[in-house]
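Topology and contacts: notes
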Amino acid sequence: MAHKYLIGIDNGTSGAKCIAVDETGKVAASATVEYPLYTPRPGWAEQKPEDWWNAVAEGLNKIVKCVPRDEIAGVSFSGQMHGLVALDEANQVIRPAILWCDQRTQKQCDWITEKAGGAQGLLEYTNNAMLTGYTGGKLLWLREEEPDNFAKMHRFICPKDYIRFQLTGELATDVSDASGTGFFNTRERRWSDSLIELAGLPRSIFPDVLESCERAGRVTREAAQATGLPEGLPVYAGGGDAVIQTTGAGLIEPGILGVVIGTAGNVSMGLKGYADNPGGKLQMFCNNAPDLWHAFGCTLTAGGAYRWYRDTLCEMDCAVARHLGVNAYDAMGAQAERSRPGSNGVVFLPYLTGERCPYPDPNARGTFYGLSLSTSRGDMNRAVMEGVTYSLRQVGDLMRTLAAPEKIYVSGGGSTSKLWRQIVADVFRLPVYTMSAASEGGAYGAVLVAGVGAGVWKDLREAAGVLHVETSTEPNPANYAAYEDSFGIYARLYGALKPVFDFGAELGY
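Here we summarise the structure given alongside this text. (Residues numbered from 1 in each chain as written. Predicted model: local features only at pLDDT ≥ 70, side-chain atom pairs only at ≥ 80, totals over all residues. Heavy atoms only, no water.)

Bringing the packing of helix H2 (residues 106-115) against helix H4 (residues 135-145) into the picture now. Running from N to C, H2 and H4 point in directions that differ by 110 degrees, and their axes come no closer than 8 Å. Judged by the angle between their axes, H2 and H4 are roughly perpendicular. Contacts from Lys107, Gln108, Cys109, Trp111 and Ile112 of H2 reach H4 at Gly137, Leu140, Trp141, Arg143, Glu144 and Glu145. Grouping the amino acids of the contact of H2 with H4 by side-chain chemistry returns five nonpolar, two polar and four charged. (Axes fitted to C-alpha atoms, helices over the stretch in contact; angles between N-to-C directions. Helix = DSSP H or I, 4+ residues; strand = E, 2+ residues; numbered from the N terminus. Parallel < 35°, antiparallel > 145°, perpendicular 65-115°, else oblique. Contact = heavy atoms within 4.5 Å. Nonpolar A, V, L, I, M, F, W, Y, C, P; charged D, E, K, R; others polar.)

Structure follows, in structure tokens:
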């Protein structure tokens, strides 16, 4: 019996993942190609869009060989949100893309917030604060700091939209990615023309906006030659990764917390209708179906903190692991298991690129607290896992004001660790599940969106029916007390160190 196959592309921060999935939900092929991240100044983060496209083309060529080309029904996208890809009149990239984790725009964000009448005034335009990672602050920064490049800009798009443009020749974004620009009216699912006018930005630079499952073009002949995809294949709009990766994990209805431990960390909940964002502490975005919205909070460095720790402080351990043919993360996890809940008093703040939620602070910095002569490598390994989880719990506590969660679906690279899943269960005091496509991240959400667009499934709720539970982790009450003590220290450290963070920023650190 012939299958229909769907292609999902996740344009992430570390690399591009391409997967092919059949209509039963089975992953038939997967390929990941990495690319570099550039940090020309402290707090800056950039990438070259051509690196993204080259990686995606390489990945697609690998997976398309594994499935019948005439049975591919559609392709869609997930992608790192908030990035600024500035294009000139010929649709050529003007400068390297400024990424979601870039922190250079605080001045511009403060300006537009004041212009809008303060934090509450801004919420009335978009239901979101203007955070430093958002695309909107980058547009204002480009106008102020690189006026020549701003003058050249004919249109801007988000990172995944650049890949779609390369495949189709069409320029657009989708409602979930547009929600993360800071200039989108999430209640009405359209650009906030009044805020754009208030900011003095040309309306013409803002791309058309599509619903995630809407068709956004077809694969061109040139793109087919570059990728191996069939010419004329329908292409669907897709979504920003913070939203669509929770769709791929089955997070459609309220009552389920989606915890993503990827490069960044997200805590999310699906909403059946629009909801206000009291105080602007969370991010309230359009979801991947026209009748759904999405509440979430993002911590900027989650799995990225563990990767930094591995690459910076565990070089010898990694070398030994390579020699023994062992995964370095597995070796680090084994050491962490020899520690105990609370990491023997070691607490880690994962603010390596500033922070977004619950502290929108580009000056925040990563910190180890509680080191002593008795501290072991295992304590530090575990402290990084726990610190990331504490940051996610703070977001989860805000989410509880919208609905009482009953369980957690965890995904992202960190979810592959049994120890980390147990830490999440114990810190949140909720059962934790991984779903069948958890390891595929946003790429699987892109597949579900493509399938709905192509008519394989009638809607996202039916599409999510192909998922099944792979692991379940119950919280251990014996660990509650230790984690409450450790979390209590964690929760006080930001406030205690805030003056130091600000002083360091004044010194240029």
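The next subject is unusual backbone geometry. With an omega dihedral of 10 degrees, the bond running from Cys357 to Pro358 counts as a cis peptide bond. Take Pro358: it is sitting in the loop between strand S20 (347-349) and strand S21 (367-369). Even without being glycine, His82 reaches a positive phi, approximately 75 degrees. Structurally, the position occupied by His82 is in the loop between strand S5 (72-79) and strand S6 (85-87).

A word on the sheet that holds strand S24 (residues 469-473). The strand order across the open sheet formed by seven strands is S18-S19-S17-S16-S22-S23-S24, and the pairing between neighbours is mixed. Every other strand in the sheet has two partners, leaving strand S18 (283-286) and S24 as the edge strands with one partner each. Along the sheet, successive strands turn relative to each other by an average axial angle of 30 degrees, direction set aside. By the bridge criterion, seven bridges tie strand S17 (residues 265-271) to strand S19 (residues 293-299) in an arrangement that is antiparallel. Its bridge partner being in S19, Leu271 is matched across the sheet by Trp293. (Pairing = 2+ DSSP bridges.)

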